[in-house]
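Notes for the structure review
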Amino acid sequence: MPEQPRVVLLKPLVKSPLIEVGDFSYYDDPDDATAFETRNVLYHYGPEKLVIGKFCALGTGTRFIMNGANHRMDGPSTFPFPTMGGSWAEHFDLLTGLPNPGDTVVGNDVWFGNGATVMPGVRIGHGAIIATGAVVTSDVPDYGIVGGNPARLIRKRHPERDIARLLAVAWWDWPVEQITAHVRTIMSGTVTQLEEAAARTKRTPAQSCREPGSDE
């Protein structure tokens, strides 16, 4: 990001086929933001995926714990003996077949506060806010605000009717020229104004606009 070395767009940095990140989603970290894939996505051995939508803002220390972190809990000990190798490796079958909650999926336009942690298989809805230090152990609804350990729903950002309208508009799927033309409405307008912007764009071709970060 221009003049912000601690802020990086994640999509160009991610190399793992098990991680998908949408356009303009970014991570902020004063130490090494470019190492997000290895420092912030932990125990990711597959096959489950981490999917992060568009226009997400990830604060410093946002972490995703993947299913590889799980241990057996049905016996006397949770210690993963086979991973130590040697003759213990003969019992590797004891680590296979552990419950897998599936992919971890983050919607579009989600804001993660500093030090938020997301546990395996969680699904976070569009427009959600994850409070600083929250440990997300269960699904978060669209436009929900959650906090605490384990994270609980504090409130929703909008009434249910408006949430349905926002999901129908889905501004994050607009062409970048359309988003650029309506940034003020997206950030500070009403749901009705956003719907009107969407309707106007459907009636007339999108005007050519300079993309963010362009010098021309």
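Residues numbered from 1 in each chain as written. Predicted model: local features only at pLDDT ≥ 70, side-chain atom pairs only at ≥ 80, totals over all residues. Heavy atoms only, no water.

**Observations concerning the overall build of the chain**
Scanning the chain from N- to C-terminus turns up five helices and 15 strands. Structurally, the chain occupies a C-alpha span of about 70 × 40 × 30 Å along its principal axes. Across the chain, contacts joining residues at least 24 apart in sequence account for 43% of those joining residues at least 6 apart. (Helix = DSSP H or I, 4+ residues; strand = E, 2+ residues; numbered from the N terminus. Contact = heavy atoms within 4.5 Å.)

**Examining a nonpolar patch on the surface**
A cluster of nonpolar side chains, Phe79, Phe81, Met84 and Trp88, forms an exposed patch at the surface whose accessible area comes to about 420 Å². Relative to the helices and strands, Phe81 resides in the loop between β7 (63-65) and β8 (104-106). A relative accessible area of 37% means that Phe81 is categorised as partly exposed. (Patch = residues over 30% accessible without salt bridge, like charges linked within 9 Å, V, L, I, M, F, W, Y side chains within 5 Å. Areas by Shrake-Rupley, 256 points an atom, 1.4 Å probe, with all protein chains shown as cover. Salt bridge = Lys/Arg side-chain N within 4 Å of Asp/Glu carboxyl O. Buried < 20%, exposed > 50% of the residue type's maximum accessible area, 1.4 Å probe, protein only.)

**Overview of the side chain of His44**
Position of His44 relative to the elements: it lies in the loop between β4 (41-42) and β5 (50-52). Taking relative accessible area as the criterion, His44 reaches 17% and is therefore assigned buried. Engagement of the side chain of His44 in a polar contact is seen with the backbone oxygen of Glu48, the distance being 2.9 Å. Beyond its immediate stretch of four places on either side in the chain, His44 contacts Leu18, Ile19, Lys49, Leu50 and Met66. (Polar contact = N/O pair within 3.5 Å; in protein donor to acceptor, adjacent residues only side chain to side chain.)

**Considerations on the nonpolar core**
Formed by 29 residues in total, the largest nonpolar core has its most connected members in Leu58, Phe64, Phe112, Ile124 and Ile130. Looking at this core, the elements that each hand over two or more residues are β2 (19-21) and β5. Apart from the residues lying within four places of it in its own chain, the contact partners of Leu58 are Leu10, Tyr26, Tyr27, Asp28, Phe36, Ile52, Phe64 and Phe112. With 13 residues, the next largest nonpolar core counts Tyr143, Leu166, Trp171 and Ile179 among its residues. (Core = buried A, V, L, I, M, F, W, Y, C linked by side-chain atoms within 4.5 Å.)

**What about helix α2 (residues 160-169)?**
For α2, the full list of buried residues reads Asp162, Ile163, Arg165, Leu166 and Val169. Mapping the buried residues of α2 onto a view down its axis gives an arc of 160°, with all of them on the same face. When the buried face of α2 is taken as reference, the exposed residues oriented beyond 90 degrees from it are Arg161 and Ala168. Remark: Ala170 follows α2 within two positions and exhibits a positive phi of approximately 45°. (Arc of directions from axis to C-beta.)

**Concerning the sheet that holds strand β6 (residues 57-58)**
The sheet built from seven strands is open, its strands ordered β1-β3-β6-β9-β12-β14-β15 with mixed pairing. This sheet does not close on itself; its edge strands, each paired only once, are β1 (7-9) and β15 (152-156). Here two bridges tie strand β9 (residues 111-112) to strand β12 (residues 129-130), and the two strands are oriented parallel to one another. Each residue of the ladder has a partner; that of Trp111, found in β12, is Ile129. (Pairing = 2+ DSSP bridges.)

**Side note on the domain arrangement of the chain**
Bring the parts together and some accessible area is lost; that lost area is often taken as the interface size. Here the chain is described as being made up of domain 1 (1-70 + 99-157) and domain 2 (158-202). Between domain 1 and domain 2, the C-alpha centre-to-centre distance is 24 Å. In total, about 1,000 Å² of surface goes out of reach between domain 1 and domain 2, with carbon and sulfur atoms giving 65% of it. Between domain 1 and domain 2 we count two salt bridges in total. Classifying every residue of the side of domain 1 that touches domain 2 by side-chain character gives three nonpolar, two polar and five charged. (Domains from an automatic or database assignment. Buried area = accessible area lost by both parts, 1.4 Å probe. Nonpolar A, V, L, I, M, F, W, Y, C, P; charged D, E, K, R; others polar.)

**Points about the pairing of β15**
Relative to β15, strand β14 (residues 144-147) is paired through four bridges, and the arrangement is antiparallel. Bridge pairing links Gly144 to Lys156 in β15. What sits between β14 and β15 in their antiparallel hairpin is a turn of four residues, with Gly148 showing a positive phi close to 100°.

**Observations regarding the packing of aromatic side chains**
Any pair of aromatic rings gets described here by the distance separating the centres and the angle formed by the planes. Overall, the coordinates contain eight aromatic pairs when judged by the stated rule. For the pair Phe36 and Phe64, a centre-to-centre distance of 6.4 Å together with 75° between the ring planes defines the contact as edge-to-face. Of this pair, Phe36 sits in helix α1 (residues 36-39) while Phe64 sits in strand β7; the two residues are 28 residues apart in sequence, bridging distant segments of the chain. Residue Phe36 is classed as buried on the basis of its relative accessible area, which comes to 1%. Between Phe81 and Trp88, the aromatic rings sit 5.0 Å apart at their centres with planes inclined by 85°, giving edge-to-face as the arrangement. Using a relative accessible area of 40% as the deciding quantity, one classes Trp88 as partly exposed. (Phe/Tyr/Trp six-rings, centres within 6.5 Å; stacked < 30°, edge-to-face > 60°.)

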